[in-house]
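# Chains, contacts and geometry: an overview
Read off the chains here:
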Amino acid sequence: MIKAGSMTELARGRRAWWIIGLVAALAALAGVFTLPPIDRDESRYAQATAQMLETGNFVEINYLDEARNKKPVGIYWLQAAAVSLVSDAEDRQIWAYRLPSVLGAILAALATFWGGQRIIGREAAFAGAALFATTVLLGIEGGIAKTDAMLVGCTTLAMAALANARGGTSPGWRTALLFWCALGAGALIKGPVTPMVVGLTALALIIWERKIGWLKPVLVWWGPLLAAAIVAPWLISIQIATEGGFLREALGDDLAPKLISADERHGGLPGYHLMLLPLVFFPATLFLIPGAGRVVSALRGDDDRKAATARFLIAWAVPTWLVFEILPTKLPHYVLPVYPALALAAGLGLVELAKAAPWQRWASWALFAIGAAAFAVFLPYVFITYGNNASWDAIRLVGAGFEGGFQLGYDMSAIAWVFAGLALFLAFAVAALVSDRLRPGVLTLIFALLSGVGWHVAARSGALAEAYAVRLADQVRAARAYSETITGLSPDEIVTASSFTEPSLVFSLGTDTVLGTTEEVLAFAESRDEPIMVVLDLSRDAELRRYLTDPAALAWSDIQPFAERFGALRICYQTLAAGTNYARGSDTVLAIAFTHCATDEIPLHPLDNEVSDDPQD
């Protein structure tokens, strides 16, 4: 049973706001400065923002030469502002693009607390908001440069304003102002999602209660005008700039396929989001089932205020959840906007834990233990699998004259960091379980929060950050750093042509990066008289892979075309990058070559020492 005094002390005054904000910031910031640009969505968002800053065009959204008419412009503007304040587009520092997402996660947690106070009380709202701040899914989205953390921040703020309009004694015009600003900002971030969540909640409550008067504080005449004023100027501008193409492509090419099929292979059966809940809602799962039990009991009880609270939380969570369970396209973050409702229920379950049935306590322990056990296996697995990037193809390339570009074995300091983080996470998770079993209270909440933050540190600052094999773009960028020594051109001046086409490479190297097939990259290199850096993805060209790694297995007729083309490129330095292209699920080795170098050395190509020009030799 929770000791009221200790919980009240934690949730008192401004202290509660600072604690929730700090916990949310710690969870979101883990990995922000250490994880490389992530393929594919994050790197596409960041690259499009970088191009806005480079061109000064803040209306159209472009990825290289392609219009990116998928989502509205809001997150790009926020990223552009963050980069302008703390970095520069030329620096290509991904952490700067992630800052709006960090702020979105903090906003979501604080808005959960603000709205929750009106409907479930300050102590339960504090517990729920703090738990939500540390959940696996919110922390991950809070550390990635894309829309979803800021989306849930705007959506939760709108829902918190709705809760205040419903439960406050005198909400006032400020509540309506926040509601419509959040609604407009959410629409500018990700189109219909925020209006959908708010609309479904309001509609469900109106039908359920057969009342609409509680909406009066936010139904002000100027509200829709304010929301429209946030969205309309850009929407009109982009429609004019694209000759009507933005809405046509955003609705017809992006949204519609998600409604009718598993778009981009992101599919799943109904129940997908429910099955993932023990993992992505961790550590709040420890109190979720008792919380759901309290909501159901309130719905059946005689206390009208508690029943109204239960209806609000159910109307917030269930309709939107069902929509995303029914839709054929599924990704874990789709249901994130309803997680604050689940978290508030979990906070209520913690504060009223003494009223929970024994089976509810056991079920929550089981959910929490499943999550902790899965992560205990996942973290070392990721590091052991991707902690080095050695492969037979990389070894063969070194034998063919390429400079070594792979790590054999594991870095001892990385091993120590990863397993120390794992041990700390497990210690906090076990402490949360034990304290909840023996003496549930504030200490249980603290241990649960520490286990949540501990997971983010162990996973995103530890195992994932130390997974060297997934840093292919970083390896290529490191190779390019030697450009001035080799070619006389600074890394920022030399053009790169690559058949490795992942967005992380484009973001890391710059907008002038040329992408294409092996044939297109070689043709581009042949057409240039100045130095360039050529990057060839062996995993996407079987013939090139055999030529570079096992030429003895090929007939001369197969070797000669490659030999002649490589010889004509005047290659004078060769290195490699090796690892895993996780976006495609394949091991990848990249052959990297510099052409037209600054020295008069004899050009090299892989077969110089193996094959003469005469096929009779």
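Residues numbered from 1 in each chain as written. Predicted model: local features only at pLDDT ≥ 70, side-chain atom pairs only at ≥ 80, totals over all residues. Heavy atoms only, no water.

## Quick notes on the overall build of the protein
- When its secondary structure is counted, the protein shows 26 helices and seven strands.
- For 617 residues, the compact-globule estimate of 2.2 N^0.38 gives 25 Å, and the protein sits close to it at 27 Å.
- Counting only C-alpha atoms, the protein reaches 95 × 60 × 40 Å along its principal axes.
- Within the span of the protein, comprising 617 residues, buried residues form 54% of the whole.
- Looking at the protein alone, contacts between residues at least 24 apart form 77% of all its contacts between residues at least 6 apart.
- Placing the 45 positive and 56 negative side-chain charges of the protein at their respective mean positions leaves the two points 21 Å apart. (Helix = DSSP H or I, 4+ residues; strand = E, 2+ residues; numbered from the N terminus. Rg over C-alpha atoms; globule rule 2.2 N^0.38 Å. Buried < 20%, exposed > 50% of the residue type's maximum accessible area, 1.4 Å probe, protein only. Contact = heavy atoms within 4.5 Å. Lys, Arg positive; Asp, Glu negative; His and termini not counted. Charge placed at Lys NZ, Arg CZ, Asp CG, Glu CD.)

## Comments concerning the side chain of serine 490
- Mapped onto the elements of the fold, serine 490 is located in the loop between helix H22 (483-487) and strand E3 (495-498).
- For serine 490, a relative accessible area of 18% gives the class buried.
- In this view, serine 490 contacts Ser483 and Glu484; residues no more than four positions away in its chain are not counted.

## Side note on unusual backbone geometry
- The linkage connecting aspartate 39 with the following residue, arginine 40, adopts the cis geometry, with an omega of -5°.
- Position of arginine 40 among the secondary structure elements: in the loop between helix H2 (13-29) and helix H3 (41-55).
- In this structure, the amide linkage connecting phenylalanine 282 to the following residue, proline 283, adopts the cis form with an omega of 5°.
- The topology assignment puts proline 283 in the loop between helix H13 (272-280) and helix H14 (288-300).
- We note that arginine 570 has phi near 55°; this positive angle belongs to a residue other than glycine.

## A closer look at the nonpolar core
- Of all hydrophobic cores here, the largest spans 122 residues; its most connected members are Leu162, Phe179 and Tyr339.
- Top contributing element to this core by residue count: helix H8 (residues 148-167), with 12 residues.
- In this structure tyrosine 339 touches Phe132, Leu137, Leu277, Val280, Phe281 and Trp321, once residues within four positions along its chain are discounted. (Core = buried A, V, L, I, M, F, W, Y, C linked by side-chain atoms within 4.5 Å.)

## Comments concerning the environment of glycine 409
- Checked against the element boundaries, glycine 409 lands in the loop between helix H18 (392-399) and helix H19 (412-438).
- Among the residues examined, glycine 409 registers a relative accessible area of 26% and is labelled partly exposed.
- In this structure, the C-alpha to C-alpha distance between glycine 409 and asparagine 389, residues 20 residues apart in sequence, is 8.5 Å.
- When sequence neighbours within four positions are dropped, the list of residues in contact with glycine 409 reads Gly387 and Asn388.

## Examining the sheet that holds E3
- Strand order in this open sheet of five strands is E4-E3-E5-E7-E6, and the pairing throughout is mixed. The open sheet has two free edges, formed respectively by strand E4 (514-515) and strand E6 (571-581), since each of these has just one partner strand.
- With two bridges connecting them, E3 and E4 associate as parallel partners. When the sheet's bridge partners are listed, serine 498 is paired in E4 with leucine 515.
- Across the sheet, helix H24 (residues 518-526) touches E3, E4 and strand E5 (532-537), and the angle it forms with E5 is around 165°. (Pairing = 2+ DSSP bridges. Axes fitted to C-alpha atoms, helices over the stretch in contact; angles between N-to-C directions.)

## A word on a nonpolar patch on the surface
- Taken together, the side chains of Val318, Leu322 and Ile326 make up a nonpolar region of the molecular surface, amounting to roughly 290 Å² of accessible area.
- Classification of isoleucine 326 by relative accessible area gives exposed; the value is 65%. (Patch = residues over 30% accessible without salt bridge, like charges linked within 9 Å, V, L, I, M, F, W, Y side chains within 5 Å. Areas by Shrake-Rupley, 256 points an atom, 1.4 Å probe, with all protein chains shown as cover. Salt bridge = Lys/Arg side-chain N within 4 Å of Asp/Glu carboxyl O.)

## What to know about H3
- The end-to-end C-alpha distance of H3 is 21 Å, a good match for the 21 Å that 15 residues give at a rise of 1.5 Å each.
- Residues of H3 that are buried: Glu42, Ser43, Tyr45, Ala46, Gln47, Ala48, Thr49, Ala50, Gln51 and Met52.
- Taken together, the buried residues of H3 touch strand E1 (62-63), helix H4 (74-86), helix H5 (94-120) and helix H23 (503-509).
- At the C-terminal side of H3, glycine 56 shows a positive phi close to 75°. (Expected span 1.5 Å × (residues − 1).)

## A few points about the packing of aromatic side chains
- What the rule picks out here adds up to 21 aromatic pairs.
- Here phenylalanine 281 and tyrosine 339 contribute two aromatic rings whose centre-to-centre distance is 5.1 Å and whose plane-to-plane angle is 80°, an arrangement assigned as edge-to-face. Residue phenylalanine 281 is found in the loop between H13 and H14, and its partner tyrosine 339 is found in helix H16 (residues 339-351); the two are separated by 58 residues along the sequence.
- Residue class for phenylalanine 281 comes out buried when judged on its relative accessible area of 0%.
- Ring centres of phenylalanine 282 and phenylalanine 368 lie 4.7 Å apart, and the angle between their planes is 25°; this geometry places the pair in the stacked category. Highlighted residues: phenylalanine 282 in the loop between H13 and H14 and phenylalanine 368 in helix H17 (residues 358-386), separated in sequence by 86 residues. (Phe/Tyr/Trp six-rings, centres within 6.5 Å; stacked < 30°, edge-to-face > 60°.)

## A look at the pairing of E6
- Among the 11 residues of E6, 10 are classified as buried, and the element is accordingly described as predominantly covered.
- Summarising the sheet, E6 and strand E7 (residues 586-595) pair through 10 bridges and their orientation is antiparallel. Paired with threonine 580 across the two strands is aspartate 587, which belongs to E7.

## Focus: the packing of H2 against helix H6 (residues 122-134)
- Packing of H2 against H6 brings their axes to within 8 Å, and their N-to-C directions diverge by 15°. By the angle between their axes, H2 is roughly parallel relative to H6. As for the relative orientation of H2 and H6, their crossing is right-handed in sense. Where H2 approaches H6, its residues Gly13, Ala16, Trp17, Ile19, Ile20, Val23, Ala24 and Ala27 are matched on the opposing element by Arg122, Phe126, Ala129, Ala130, Ala133 and Thr134. (Parallel < 35°, antiparallel > 145°, perpendicular 65-115°, else oblique. Left-handed = near helix turned anticlockwise from the far one by under 90°.)

## Notes on the confidence of the model for the protein
- Per-residue pLDDT for the protein has a mean of 90; in total, 94% of the residues score no lower than 70.
- Taking the mean pLDDT of every element in the protein, the minimum, 67, falls on helix H1 (residues 4-10) and the maximum, 98, on H4.
- In this model, residues 600-617 is a region of pLDDT below 50 whose contacts with residues beyond four sequence positions or in other chains number 28 contacts. (pLDDT = per-residue confidence, 0-100.)

## Some thoughts on the side chain of glutamate 502
- With respect to the secondary-structure elements, glutamate 502 resides in the loop between E3 and H23.
- Excluding residues that lie within four positions of it along the chain, glutamate 502 makes contacts with Asp39, Arg40, Asn581, Ala583 and Arg584.

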